[in-house]
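# A structural walkthrough
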Amino acid sequence: MSFPADAATPGSAIRSATTLTARAVLFDMDGTLVDSTAIVEQVWGELAARYGLDLAEILRTSHGVQAGDTVRRFAPAGADVVALTAELGAMERVRTEGIVALPGAADLLRSLPADAVALVTSADRILADIRMGAAGLAMPATVVTADLVTRGKPHPEGYLRAAELLGVDPADAVVFEDAPAGIAAGLAAGIRTVAIGPNTGELPDGVLHIDDYTEVSVTTEVDDAGGRTISFRF
C-alpha cells in the first residue's frame, strides 16, 4: 500500500487531503499521543545544570531517543551512564503535572480496533504506563518499550517488532511519529509514517504532516473474506 501518486510533490511533505488504508496502526508516545514536553525539559535541564551540559543541544537531539543513548552521548567523561540513566528515569516517574493527551488522541484510539494498535516508545514500560495514565489514555494491548529492544530509534527494531506482534507486514501498517529519530525508524522499517506536531524537523519526501488528530477521521471495513481495512482520511 502506498500514498496516492498525486499526494506529494518532489522535495516536499504531503499537504493536500489524502486517504491511507492499513491493517495496523503503530504509535509513538511522547509528543505523539502524550504531551510531556514540560517534564522532559525540566528533568534534562536539572541534569544539564548539574554537569554544565549544553541543554539546547540535548533537547535538540534527544527527542524520541532512548534516555540511555542520550546520557551516553552527553555525560561527562568517567560518569556512570547506567546510574545517571536510572536517576533520570526515577525523576521522570514522579513528575506527571501538566501531562495531557494530544488533541483528538483519545477519540482516535477509541475508534481503532484494539487488536490492530501498538505503542512503540523509547520510554520503559513503567514510565509508559505512568504517562499514558496521566494523560487519560488507555494503554494498547501491544506495547514495545525501550526495555524490549536492543537498539533504540532511529533503528527500526521497535517498529518491526510491533508489526510482527500484530501479525502484519510492515507495508500494511501506518506509523504516527513526532520526532526525527522516530520518523527515521518508521521509514527504515518500511512503514508509511505520518508526522505529527511541531518538532518533526525537515520531513523526507512523501511524508504526511498533521498538527494533531483532530485532522484525522477513521473508518474500519471488513470484506467478505473477513479481511479488515482501516482507512484514515487526512
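Residues numbered from 1 in each chain as written. Predicted model: local features only at pLDDT ≥ 70, side-chain atom pairs only at ≥ 80, totals over all residues. Heavy atoms only, no water.

Before going further, it helps to spend a moment on the pattern of salt bridges. In the structure shown here, the tally under the stated rule is 14 salt bridges. Between Arg93 and Asp124 there is a salt bridge, with its nearest N and O atoms 2.5 Å apart. A residue pair is termed long-range when its members are at least 10 positions apart, and Arg93 in helix H4 (residues 81-93) and Asp124 in the loop between strand S5 (117-120) and helix H6 (125-134) qualify at 31 residues. On the basis of relative accessible area, Asp124 is assigned to the partly exposed category, the value being 22%. Between Asp115 and Arg228 there is a salt bridge, with the nearest N and O atoms lying 2.8 Å from each other. Of this pair, Asp115 sits in the loop between helix H5 (105-111) and S5 while Arg228 sits in strand S11 (residues 228-233); the two residues are 113 residues apart in sequence, bridging distant segments of the chain. Within the structure, one salt-bridge network assembled from shared partners comprises Asp28, Lys153 and Glu177. (Salt bridge = Lys/Arg side-chain N within 4 Å of Asp/Glu carboxyl O. Helix = DSSP H or I, 4+ residues; strand = E, 2+ residues; numbered from the N terminus. Buried < 20%, exposed > 50% of the residue type's maximum accessible area, 1.4 Å probe, protein only.)

Using the criterion set out here, one finds 6 aromatic pairs in the structure. Look at Phe27 and Phe176: their rings are 5.2 Å apart centre to centre, the planes differ by 15°, and that puts the pair in the stacked class. Taken as a pair, Phe27 in strand S2 (residues 24-27) and Phe176 in strand S7 (residues 173-177) lie far apart in primary sequence, 149 residues in all. For Phe27, a relative accessible area of 0% corresponds to the buried category. (Phe/Tyr/Trp six-rings, centres within 6.5 Å; stacked < 30°, edge-to-face > 60°.)

Taken in spatial order, the 6 strands of this open sheet run S6-S5-S2-S7-S8-S9, and their pairing is parallel. Of all strands in the sheet, those with a lone pairing partner are strand S6 (142-144) and strand S9 (208-210), marking the two edges. Taken pair by pair, the neighbouring strands of this sheet meet at an average axis angle of 25°, ignoring direction. (Pairing = 2+ DSSP bridges. Axes fitted to C-alpha atoms, helices over the stretch in contact; angles between N-to-C directions.)

Attention shifts here to the side chain of Thr32. Along the polypeptide, Thr32 turns up in the loop between S2 and strand S3 (34-35). Judged by its relative accessible area of 0%, Thr32 falls in the buried class. Only 3.1 Å separates the side chain of Thr32 from the side chain of Asp178, close enough to count as a polar contact. The contact partners of Thr32, leaving out residues within four places of it in the chain, are Phe27, Leu102, Phe176, Glu177, Asp178, Ile196 and Tyr213. (Polar contact = N/O pair within 3.5 Å; in protein donor to acceptor, adjacent residues only side chain to side chain. Contact = heavy atoms within 4.5 Å.)

Moving on to helix H7 (residues 157-166). Among the residues of H7, Glu157, Gly158, Tyr159, Ala162, Ala163 and Leu166 are the ones counted as buried. Considering only its buried residues, H7 is in contact with S2, S5, S6, S7 and helix H8 (180-188).

The next point concerns unusual backbone geometry. Keep in mind that most residues, glycine aside, have a negative phi and that most peptide bonds are trans. Residue Pro154 is reached from Lys153 by a cis peptide bond, and omega for that bond is 15°. Relative to the helices and strands, Pro154 is located in the loop between S6 and H7.

Residue placement: Glu92 occurs in helix H4. Once residues lying within four places of it in the same chain are set aside, the contact partners of Glu92 are Val40, Val43, Leu127 and Arg131.

In a pair of packed helices, the angle between the axes and the distance between the axes together describe the arrangement. Two elements in contact, helix H1 (residues 37-51) and H4, have axes separated by 10 Å at closest approach and are oriented at 140°. Viewed along their axes, H1 and H4 adopt a mutual orientation that is oblique. Pair H1 / H4 crosses with right-handed handedness. Contact residues: Val40, Val43, Trp44, Glu46, Leu47, Arg50 and Tyr51 in H1; Leu84, Glu87, Leu88, Met91 and Glu92 in H4. Residues that form the contact of H1 with H4 fall into these classes: 8 nonpolar, no polar and 4 charged. (Parallel < 35°, antiparallel > 145°, perpendicular 65-115°, else oblique. Left-handed = near helix turned anticlockwise from the far one by under 90°. Nonpolar A, V, L, I, M, F, W, Y, C, P; charged D, E, K, R; others polar.)

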